[in-house]
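Residue strings, one per chain:
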Number of protein chains: 2
Amino acid sequence: MDYNKINDEIIEQIKLSVNGKVYVGEEINEDFFHDEMPIYGEGIPDVLIDATCKEDVSKIMKICNENKIPVIARGAGSGLTGAGVAIKNGVMINMQSMNKILEFDEENLVVRVEPGVLLSTLAQTCLDKGYLYPPDPGEKNATLGGNVSLNAGGMRAVKYGTTRDYVRKMEVVLPSGEITTFGSIVSKSSTGYSLKDLMVGSEGTLGIITELTLKIVPNPKHTVSLIVPFEDLDDCISTVPKLFQNNLNPQAIEFMERDIVIASEKYIGKETFPKNMEGIDVGAYLLITFDGDDEDLIDNTLEQAAEVLVDNGAIDVLVADTPNSIRDAWAARSSFLEAIETQNKLLDECDVVVPVTKIAEYINFVNKESESYMFNVKSFGHAGDGNLHIYTLSNEEDKLDQFKEEVDKFMDVIYKKAYDLGGKISGEHGIGNGKKKYLKSFEGNVNIEIMRGIKKAFDPNMILNPDKVIALLGE
Amino acid sequence: MDYNKINDEIIEQIKLSVNGKVYVGEEINEDFFHDEMPIYGEGIPDVLIDATCKEDVSKIMKICNENKIPVIARGAGSGLTGAGVAIKNGVMINMQSMNKILEFDEENLVVRVEPGVLLSTLAQTCLDKGYLYPPDPGEKNATLGGNVSLNAGGMRAVKYGTTRDYVRKMEVVLPSGEITTFGSIVSKSSTGYSLKDLMVGSEGTLGIITELTLKIVPNPKHTVSLIVPFEDLDDCISTVPKLFQNNLNPQAIEFMERDIVIASEKYIGKETFPKNMEGIDVGAYLLITFDGDDEDLIDNTLEQAAEVLVDNGAIDVLVADTPNSIRDAWAARSSFLEAIETQNKLLDECDVVVPVTKIAEYINFVNKESESYMFNVKSFGHAGDGNLHIYTLSNEEDKLDQFKEEVDKFMDVIYKKAYDLGGKISGEHGIGNGKKKYLKSFEGNVNIEIMRGIKKAFDPNMILNPDKVIALLGE
């Protein structure tokens, strides 16, 4: 695919067309050259524009489309696969200034926001008014536009679903510059192909979101967490489906192996998880949260859950039912990634998802497979939905090439295993730039060709976030 | 778009390729010429084939694609917009013999079915094992393939969502004859464009579903219904958002105007709804169901709900908490359509959806607007999600042309109003053949062109269910 290079004339045209500030060349901050995983690609935009409104976005797109110049929308840059990086240079549109909450509609239980609003801002605004925006990905300083473009998941997906389930309507600027609307405020629709659902998770390759209408729910009045130690991972994981069969409907269920808890507690300097109980060395933990409006019902649920857990091999069940104790229980879990990043100089990760019933088999396979590589592997994840984060870690900085090569081989093997078990490459981090060769291998040519056809229907000149998710046509 | 006519040679080729029975010309039963609304188009397939397996479907598609012959998949024929009618003739594939439940997976809480399984069959199988398949559209004898192709909604959408929310994975035969899989058994995915979500609601225009993996939930142990009479529709409808704000989470909330209840009770020969209470003539009703596992909690919910309802103008709250009384309460609601069909010779309908807060304004508008037409209008619908079924009714059979003409004008006006209020053409019946001109008018050319591009990406020769949802290219 051939693109044109931007020139002074086009830059001038953009400057005259938009309200937002335009940065050129060295005026652009280096933070915009990569996301949280520079390993998946870096790229320097020729021009960066702070969009202030949909008209800015529309005008930039129109100019870029007419001139065949790559264009990419950028949120907070907190992605983990290089999706928001200008690998083909061109124009980057920074959406972070479009950060207003436009409407808080308590009657229809929806909020209307600009895409640059941070998840943490919406979450807090909702809580202040007695509501909950359920999607809860780990990175709270991501933009909502980014969350939607990725179909971000998070801790509460088990009970509440992923971001997709909270997107009612979106305003989108197409690569042509045309401004359109997909979806509507209503919850139910059979009105043509669901273009809204196609946009969700398309990682900024089909259009640029300039407004979102998101569903919210009343905030549950009570929350209780359980720390549940097991002797080994098999018992720990095989208990999870039992909770669902008993309709206990947890808000979150995370599993952790012993090693990663120790690493994380070392990092935060506080020990909350028991390591030995009743003379048994703890091998793995479940961390479970229940929520609801009725205190008696939650007590009842806890009792039933405790019975199911102990019947299935839990050594004990530790209850955290005050805000402080709940925060402590989750502190280690929330700090995994930071702990890992601090303690390891080389790091790569995968974000597979497998059926809940296959987690133990999968983790055992991964641990065994990892023995023949130079790196260590640490895993944790969302036991309730089978979404696992597997980290390859090393401190041998001088062996970066070997690390990359071995990780590549390792990923091929463990992705294949995920597919063999009925899973997928990514539960919530997406494909971006770093995972597209795996998407091609494992989703198969038939599906990739359909995706390419869809891309072409939205973006005939292939200018928008080029070479992400699916590789460029003709390559 | 030019198609070829099937000939004896191609018919012979199909007969040699498939396991299923092949019917030609007059061997085809007339039931296959239309759906439940012949007013939206009739069409005679040249050939009808009972598919027995995905390979049958694949072979037929390949032959039709190579020969540019229209092909259409057919479920139970219970659609209401002509989506399943062979308006361009050609080959019809009857999916009703592919009706096996292949797997009932209680650990992952999914069922794997062939697309010809009836909704009623799956619903009962789930109940027998203690589970619930939540989607509950009115027509229980539809196939699941049809339900998914339409994103069927139904009574329980308020609490449980629509069919889309229960589709995890599907096997699809593409127009090329290739067999592929979209989605996976897992609940969470950010693995490329969501082709599964694009298929849901695409009304058989993108591919033919040959297998479905659907999510199920444990069946709630208790169910209670309330009949709630109000003096007028405004009070009745404006109470609905209050229930959500109080997080009472009903399974279903239907509203009914007095007239339609009387018509329906006359039809079933049984009166359950009070017409005058405390000296007040009842103008409208809510029919509400709550479900849950905990009897105390449901009692508590009922108490809170009763308070909210009476505070907002309900004349009284009648509780139905035995299987018999619940059945009686819902009998009139379930018989609306039959009652209307029996009592009226000419009938058309629309299936708009508007924001919950706008239902009263919309129904008042529709009632006032209808005064200037030859037909009567009766409305009912899902108050919890704003999905309204508005029937235009007449017994002047000799004035069919005038009826059609006036209905057309009326629909234009009331669809426009729905869009003005933030709604959509169809909540659950789809676009099919009958509503495509409205889709074009109200969704706008930009969105329609994208839909056409998507159609082309799946079906370059445009052979599959041609001229449905979006009109043919070039027309």
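Every chain is numbered independently, its residues counted from 1 as its sequence is written. Lettering of chains starts at A and numbering of ligands starts at 1, both following the order in which they are written. Per-residue local features of the predicted model are confined to residues with pLDDT of at least 70, and side-chain atom pairs are confined, for both listing and counting, to 80 or more; whole-chain, interface and lining totals are unaffected and use all residues. No hydrogens and no water enter the side-chain calculation; it runs on all heavy atoms of the structure.

Engineer: Just checking my understanding: could you explain the overall build of chain A for this structure?
Structural biologist: Helix and strand definitions here come from DSSP, where helices need a minimum of 4 consecutive H or I residues and strands a minimum of 2 consecutive E residues; each element is numbered from the N-terminal end. On a plain count of helices and strands, chain A comes out with 16 helices and 20 strands. Here the globule rule is a power law, 2.2 Å times the number of residues to the power 0.38, and the radius of gyration is based on C-alpha atoms. Against the globule reference of 23 Å for 475 residues, chain A gives a C-alpha radius of gyration of 23 Å, in line with a compact fold. Within chain A, buried positions represent 61% of all 475 residues. What makes two residues a contact is simply this: any of their non-hydrogen atoms within 4.5 Å. At a minimum sequence separation of 6, the contacts of chain A that also span at least 24 residues come to 73%. For the accessible areas, the method is Shrake-Rupley and the probe is 1.4 Å, while residue cover comes only from the protein chains on display. When the accessible surface of chain A is split by element, carbon and sulfur atoms take 44% of a total near 17,600 Å². Between the mean site of the 47 positive side-chain charges and the mean site of the 77 negative ones, chain A shows a separation of 5 Å. When a residue's accessible area, from a 1.4 Å probe over protein chains only, is under 20% of the maximum for its type it is buried; when over 50% it is exposed; and in between it is partly exposed. In this tally, Asp and Glu contribute negative charge and Lys and Arg positive charge; neither His nor the terminal groups of the chain are included. Where a charge sits is defined by one atom per residue type, namely NZ (Lys), CZ (Arg), CG (Asp) or CD (Glu).

Engineer: Help me out: how do you make sense of the packing of helix H13 (residues 359-370) of chain A against helix H14 (residues 400-420) of chain A in this one?
Structural biologist: Angle between the axes and distance between the axes: these two values describe a pair of packed helices. All names here are of chain A. Interaxial angle, 0 to 180 degrees, is taken between N-to-C directions of lines fitted to C-alpha atoms, where a helix line uses only the stretch in contact. In the contact formed by H13 and H14, the axes pass within 11 Å of each other and the chain directions differ by 160 degrees. Judged by the angle between their axes, H13 and H14 are roughly antiparallel. Like other packed secondary-structure pairs, H13 and H14 cross with a definite hand, here right-handed. Along the contact surface, H13 presents Glu361, Tyr362, Phe365, Val366, Glu369 and Ser370, while H14 presents Phe410, Val413, Ile414, Tyr415, Lys417 and Ala418. Throughout this entry, Asp, Glu, Lys and Arg are counted as charged residues, while Ala, Val, Leu, Ile, Met, Phe, Trp, Tyr, Cys and Pro are counted as nonpolar. The remaining residues, Gly among them, count as polar. Taken together, the residues of the contact of H13 with H14 sort by class into eight nonpolar, one polar and three charged. With respect to orientation, any angle under 35 degrees is reported as roughly parallel, any angle over 145 as roughly antiparallel, any angle of 65 to 115 as roughly perpendicular, and every other angle as oblique. By definition, any crossing whose near helix is turned counterclockwise from its far helix by less than a right angle is left-handed, and any crossing with a clockwise turn is right-handed.

Engineer: Please clarify how the domain arrangement of chain A should be interpreted in this entry.
Structural biologist: Often, the extent of an interface is quoted as the loss of accessible area upon association of its parts. All names here are of chain A. Assigned domains of chain A: these are domain 1 (8-96), domain 2 (101-218), domain 3 (222-322) and domain 4 (340-421). Distance between the C-alpha centres of domain 3 and domain 4: 24 Å. Taken together, the 15 residues of domain 3 in the interface contact 18 residues of domain 4. Salt bridges are defined as contacts in which a side-chain nitrogen from Lys or Arg sits within 4 Å of a carboxyl oxygen from Asp or Glu. Run the count over domain 3 and domain 4 and you get zero salt bridges. Polar contact criterion, stated in full: a pair of N or O atoms within 3.5 Å, where within protein one must be able to donate a hydrogen and the other to accept it, and residues adjacent in sequence count only if both atoms are side-chain atoms. Connecting domain 3 to domain 4 are seven residue pairs in polar contact (both at pLDDT 80 or more). Sorting the residues of the side of domain 3 that touches domain 4 by element identifies helix H7 (233-238), helix H8 (240-245), strand E13 (252-257) and helix H9 (258-268) as the ones contributing at least two each. Reported domain spans reflect what an automatic or database domain assignment gives.

Engineer: Where do I start with the relation of the copies chain A and chain B in this structure?
Structural biologist: What relates the pair of chain copies is a rotation about an axis plus a shift along that axis. Between chain A and chain B, the superposition needs a rotation of 180 degrees and an axial shift of 0.0 Å, giving an RMSD of 0.0 Å. The symmetry that links the two subunits is that of a two-fold axis. Within chain A, Ile454(A) has its C-alpha nearest the rotation axis, a separation of 2.7 Å. The residues that chain A uses at the interface reappear at the interface of chain B in 100% of cases, marking a shared surface. In this comparison the copies share one frame, found by least squares on the C-alpha atoms of residues holding pLDDT of at least 70 in both.

Engineer: It is not clear to me how the sheet that holds strand E10 (residues 208-215) of chain A should be interpreted in this structure. Could you clarify?
Structural biologist: One key point about sheets: their strands pair by backbone hydrogen bonds, in either a parallel or an antiparallel sense. Residue and element names in this part refer to chain A. Within the open sheet, the five strands sit side by side as E5-E6-E10-E8-E9. Their pairing is antiparallel. Taken across any chain shown, the strands that pair with only one partner, and hence form the sheet edges, are strand E5 (101-105) and strand E9 (179-183). Geometrically, the sheet is characterised by an average inter-axis angle of 15 degrees between neighbouring strands, direction not taken into account. Only when DSSP finds a minimum of two bridges between them are two strands counted as paired. Bridge count for strand E6 (residues 110-113) against E10 is four bridges, and the pairing is antiparallel. Pairing of Arg112 across the sheet is with Thr213, part of E10. Packing of helix H2 (residues 54-67) onto the sheet brings it into contact with strand E8 (167-173), E9 and E10, and relative to E8 it is tilted by some 50 degrees.

Engineer: Any chance you could explain the confidence of the model for chain A here in plain terms?
Structural biologist: Any residue range with low pLDDT should be treated as having predicted coordinates unsuitable for detailed reading. Per-residue pLDDT for chain A averages 95, and the proportion of residues at 70 or more is 99%. Among the scores for the predicted complex, ipTM is 0.95 and pTM is 0.96. pLDDT measures how confident the predictor is about each residue, on a scale from 0 to 100.

Engineer: I would appreciate a short explanation of the interface of chain A and chain B in the present structure.
Structural biologist: Contact with chain A, which involves 79 residues of that partner, is made by 79 residues of chain B. By definition, the buried area sums, over both parts, the 1.4 Å-probe accessible area that each loses when the two are put together. Contact with chain B buries surface across chain A, with Lys188(A), Ser190(A) and Tyr193(A) losing the most and accounting together for 16% of the total. Our enumeration of links across chain A and chain B arrives at six salt bridges. Among the salt bridges present, the one from Glu428(B) reaches Lys188(A), with a minimum N-O distance of 3.1 Å. Broken down by secondary-structure element, the contributors of at least two residues to the side of chain A that touches chain B are E9, helix H6 (195-199), H8, helix H10 (295-311), helix H15 (436-443) and helix H16 (445-458) of chain A. The greatest single-element share of the side of chain A that touches chain B, amounting to nine residues, is contributed by H16(A).

Engineer: Looking at this model, I keep getting lost on the packing of aromatic side chains. Mind explaining?
Structural biologist: Where two aromatic rings form a pair, the distance of their centres and the angle of their planes describe that pair. Each aromatic pair joins two rings of Phe, Tyr and Trp (for Trp, the six-membered one) with centres within 6.5 Å, and gets the label stacked for planes under 30 degrees apart, edge-to-face for over 60, and tilted for any other angle. Following the criterion strictly, the structure yields 26 aromatic pairs over all chains and no others. Summarising the aromatic geometry, the rings of Phe375(A) and Phe403(A) are spaced 6.1 Å apart at their centres and angled 80 degrees between planes, so their arrangement reads as edge-to-face. Note that Phe375(A) is positioned in the loop between H13 and strand E19 (376-382) and Phe403(A) in helix H14, a separation of 28 residues in sequence. Each member of the pair Phe375(A) and Phe403(A) is classed as buried. A centroid spacing of 6.3 Å and a plane angle of 55 degrees characterise the contact between Tyr415(B) and Phe442(B), whose relative ring orientation is tilted. Within this pair, whereas Tyr415(B) is found in helix H14 (residues 400-420), its partner Phe442(B) is found in helix H15 (residues 436-458), the two being separated by 27 residues in sequence.

Engineer: Help me understand the pattern of salt bridges in this model?
Structural biologist: Should their charged atoms come close, side chains of opposite charge can pair. On inspection of all chains with the given rule, the structure shows 51 salt bridges over all chains. Residue Glu66(A) is joined to Lys62(A) by a salt bridge in which the shortest nitrogen-to-oxygen separation is 3.1 Å. With Glu66(A) and Lys62(A) both in helix H2 and four residues apart, the pair spans about one turn of that helix. For Lys62(A), a relative accessible area of 43% puts it in the partly exposed group. Of the charged contacts in the structure, one is a salt bridge between Asp293(A) and Lys221(A), with a shortest N-O distance of 4.0 Å. Taken together, the positions of Asp293(A) in the loop between strand E16 (284-292) and H10 and Lys221(A) in the loop between strand E11 (217-218) and strand E12 (222-230) put the pair 72 residues apart, joining distant regions of the chain. Its relative accessible area of 28% is what places Asp293(A) among the partly exposed residues. The class for Lys221(A) is exposed, based on a relative accessible area of 62%. One salt-bridge network, held together by shared partners, links Arg164(A), Asp197(A), Arg164(B) and Asp197(B).

Engineer: What am I meant to see in the state of the cysteines here?
Structural biologist: Disulfides are covalent bonds that link the sulfur atoms of two cysteine residues. Working definition: a disulfide is two cysteine sulfur atoms within 2.5 Å of each other. Summed over all chains, the structure comprises zero disulfides over all chains. Looking at the unpaired Cys236(B), the closest cysteine sulfur is the one in Cys350(B), lying at 19 Å.

Engineer: Hey, could you run me through the sheet that holds strand E13 (residues 252-257) of chain B in this one?
Structural biologist: Residues and elements named next belong to chain B. Reading across the sheet, the seven strands line up as E17-E12-E16-E13-E19-E20-E18 and stay open at both edges, with antiparallel pairing between neighbours. Strands with a single pairing partner mark the edges of an open sheet, and in this sheet they are strand E17 (318-320) and strand E18 (346-350). Sheet twist, expressed as the mean angle between neighbouring strand axes with direction ignored, is 20 degrees. Where strand E19 (residues 376-382) meets strand E20 (residues 387-394), seven bridges bridge the pair, whose relative direction is antiparallel. If you follow His382 over to E20, its bridge partner there is Asn387. Of the strands in this sheet, strand E12 (222-230), E13, strand E16 (284-292), E17 and E19 touch helix H11 (residues 323-334), which is tilted by about 50 degrees from E12.

Engineer: I'm lost on the pairing of strand E4 (residues 91-94) of chain A in this one. Help?
Structural biologist: Taken residue by residue, a regular strand's side chains alternate between the two faces of the sheet. All names here are of chain A. Every second residue of E4 is oriented toward a common face, with Val91 and Ile93 on one face and Met92 and Asn94 on the other, all of them buried. Of the pairings in the sheet, the one linking strand E2 (residues 47-50) to E4 comprises four bridges and is parallel in character. Across the sheet, Leu48 pairs through a bridge with Met92, a residue of E4.

Engineer: For this particular structure, what's the right way to read the nonpolar core?
Structural biologist: In summary, soluble globular proteins display a tendency toward joint burial of nonpolar side chains. Nonpolar cores are built from buried Ala, Val, Leu, Ile, Met, Phe, Trp, Tyr and Cys residues. Side-chain atoms within 4.5 Å join them into one set. Core analysis: the biggest nonpolar cluster contains 186 residues, and Leu286(A), Ile454(A), Phe458(A), Leu286(B), Ile454(B) and Phe458(B) have the highest contact counts within it. If near-sequence neighbours (up to four positions away) are discounted, Ile454(B) is found in contact with Tyr193(A), Leu195(A), Leu198(A), Ile454(A), Ala457(A), Phe458(A), Leu198(B) and Leu206(B).

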